[in-house]
Amino acid sequence: MILGIEASNIRAGGGVTHLKELLAAFKKNETKFTSIIVWSGAKTLNQLEDKSWLDKQTHPYLDKNIFFRLFWQVFLADRTFKKSRIDVLFIPGSLYFTSFEPLVTMSHNMLPFSPKERDRFGKFYMRYRYHLLEKKHGKAFKTANGVIFLSHFAKGAITKHLNSKIKNSTVIAHGVSPELIKAPRVQKSISEYSEQDPFEFLYVSIINVYKHQTTLVKVVYNLIQMGYPVKLTLVGPAYGPELKRLNKIIHQLDPENKFVDYIGNVPHDKINSTYHSADAFIFASTVENLPNILIEAMASGLPIACSNYGPMPEVLQDAGIYFDPENEEEITISLKKLLDNHDQRQTLATKAFNLSKDYSWERCARETFDYLSSFSK
């Protein structure tokens, strides 16, 4: 049996990580598939390890802009798939134009199905973009032979939002990269920190309207006014308008850059040292499909203060302190609890670290290939 993976829209970030780890964990003797064909741009294909069973195929259009890629997807892909004689087609990107069957897609973006979160964007074209994605993703989920959801929360919320039955679906969470795994350090009392050596809260995520970094800057400022020696490190790419808003707040509250450090984007293969040098982690998002970053923090052995929005409690369970990301006072109280009780920090970090062991790429690959092979004719 031959599996085809249409990855023309996978070009960077978590999508590439998922594809790389999935293929790295592929074991021919444990699945019905004897070979895999991947279609994508050369940059993505070059990041995939060469294997005898892996056929990496590209087209000049797949290395160009979105319009060329769309042309390939609409007019050339079907003929390519049929000629390749694949038995099952997997499209992780959840947007497709092919009529090939059987086809399995994957849900990886909750924003199109979250009207409240879409409305946070001030610009009309952003809200309209997510509205269009809602229609296109919804149609993809309804017409595909199978859909992979990343969390039970996402499956329930999207299915309810669509108000339509999906033919066949399953829940398969992503994994965490081994280099991120580090057992929890012995937690120190807050009295052992100082202004020169502050307690570091880390938040890794894109700077965006639903991630609430600006609120966290205010919260850390509040803690400093209470006498706590703390700092906030923000890591991730940025949505332009929200970055401007963040910089404005930082300039107002921390003009000398004493307690807020925004270091921009860090490549995924170099992020482990950032996690491992922090003292605690904050995750303040209000919309997620599966919070991979939260799982990475868990695997890095950090005590965590976390958004109480779904699916975060599904992942972190009782291994964190929860707060409403839109409530500045509630976040302040939650972080203060972590700072004041180093024994609780130790307990939570250990619980979270143990929970993270369920999120392996080997498990993800096994469940994914088992599900895909169930659609073979």
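Residues numbered from 1 in each chain as written. Predicted model: local features only at pLDDT ≥ 70, side-chain atom pairs only at ≥ 80, totals over all residues. Heavy atoms only, no water.

Engineer: Which residues make up the nonpolar core, and what values do they have?
Structural biologist: With 90 residues, the main nonpolar core has Ile36, Val38 and Phe201 as its most contacted residues. A per-element tally of this core places helix H14 (residues 361–373) first, with six residues. In contact with Val38, other than residues within four places in its own chain, are Ile5, Ala7, Leu19, Leu23, Leu45, Leu48, Leu54, Asp55, Lys56 and Gln57. Leu62, Ile91, Leu103 and Ala154 belong to the second-largest nonpolar core, a separate cluster that totals 33 residues. (Core = buried A, V, L, I, M, F, W, Y, C linked by side-chain atoms within 4.5 Å. Buried < 20%, exposed > 50% of the residue type's maximum accessible area, 1.4 Å probe, protein only. Helix = DSSP H or I, 4+ residues; strand = E, 2+ residues; numbered from the N terminus. Contact = heavy atoms within 4.5 Å.)

Engineer: Can you explain the packing of helix H7 (residues 213–225) against helix H12 (residues 328–340)? Please cite residues and give values.
Structural biologist: Any two packed helices are characterised by how steeply their axes cross, that is the angle between the axes, and by the distance between the axes. Close contact between H7 and H12 brings their axes to 9 Å; oriented N to C, the two are set at 55°. Relative to H12, H7 is oriented oblique. The way H7 lies across H12 gives a crossing that is right-handed. Within the contact between the two elements, H7 uses Thr215, Leu216, Lys218, Val219, Asn222 and Leu223 and H12 uses Glu328, Ile331, Thr332, Leu335, Lys336 and Leu339. (Axes fitted to C-alpha atoms, helices over the stretch in contact; angles between N-to-C directions. Parallel < 35°, antiparallel > 145°, perpendicular 65-115°, else oblique. Left-handed = near helix turned anticlockwise from the far one by under 90°.)

Engineer: Pulling in residues and values, what's your account of unusual backbone geometry?
Structural biologist: Here the bond from Glu101 into Pro102 is cis, since omega is 0°, no more than 30 degrees from zero. Checked against the element boundaries, Pro102 lands in the loop between strand E4 (88–91) and strand E5 (103–106). The omega angle of the peptide bond from Gly310 to Pro311 is 5°, so this bond is cis rather than trans. Positionally, Pro311 belongs in the loop between strand E12 (304–307) and helix H11 (312–316). Residues other than glycine seldom take positive phi values, yet Arg85 does so here, at roughly 60°.

Engineer: Tell me about the sheet that holds strand E1 (residues 2–6), and please be specific about residues and values.
Structural biologist: Taken in spatial order, the seven strands make up an open sheet running E3-E2-E1-E4-E5-E6-E7, and their pairing is parallel. With partners counted over all chains shown, the strands left at the sheet margins are strand E3 (54–57) and strand E7 (169–171), one partner each. Within the sheet, the average angular offset between the axes of one strand and its neighbour, ignoring direction, is 20°. Relative to strand E6 (residues 146–149), E5 is paired through three bridges, and the arrangement is parallel. By the bridge assignment, Thr105 is partnered in E6 with Val147. Lying on the sheet, helix H1 (residues 13–24) is in contact with E1, strand E2 (35–39), E3, E4 and E5; it crosses E2 at an angle near 165°. (Pairing = 2+ DSSP bridges.)

Engineer: Before we move on, could you go through the packing of H12 against helix H13 (residues 342–356) and cite the residues and values that matter?
Structural biologist: Two numbers describe how H12 lies on H13: the axes approach to 5 Å, and their chain directions differ by 100°. Considered as vectors, H12 and H13 are oriented roughly perpendicular to each other. In this structure, H12 contributes Lys337, Leu338, Leu339 and Asp340 to the contact, and H13 contributes His342, Gln344, Arg345 and Leu348.

Engineer: So what's going on with the sheet that holds strand E10 (residues 260–262)? Residues and values would help.
Structural biologist: The strand order across the open sheet built from six strands is E10-E9-E8-E11-E12-E13, with neighbouring strands paired in parallel fashion. If you trace the sheet from one side to the other, it starts and ends with E10 and strand E13 (321–323), each paired once. Between one strand axis and the next, the sheet turns through 20° on average, direction left out of account. Packing of H12 onto the sheet brings it into contact with strand E8 (199–204), strand E9 (230–235), strand E11 (280–283), E12 and E13, and relative to E13 it is tilted by some 165°.

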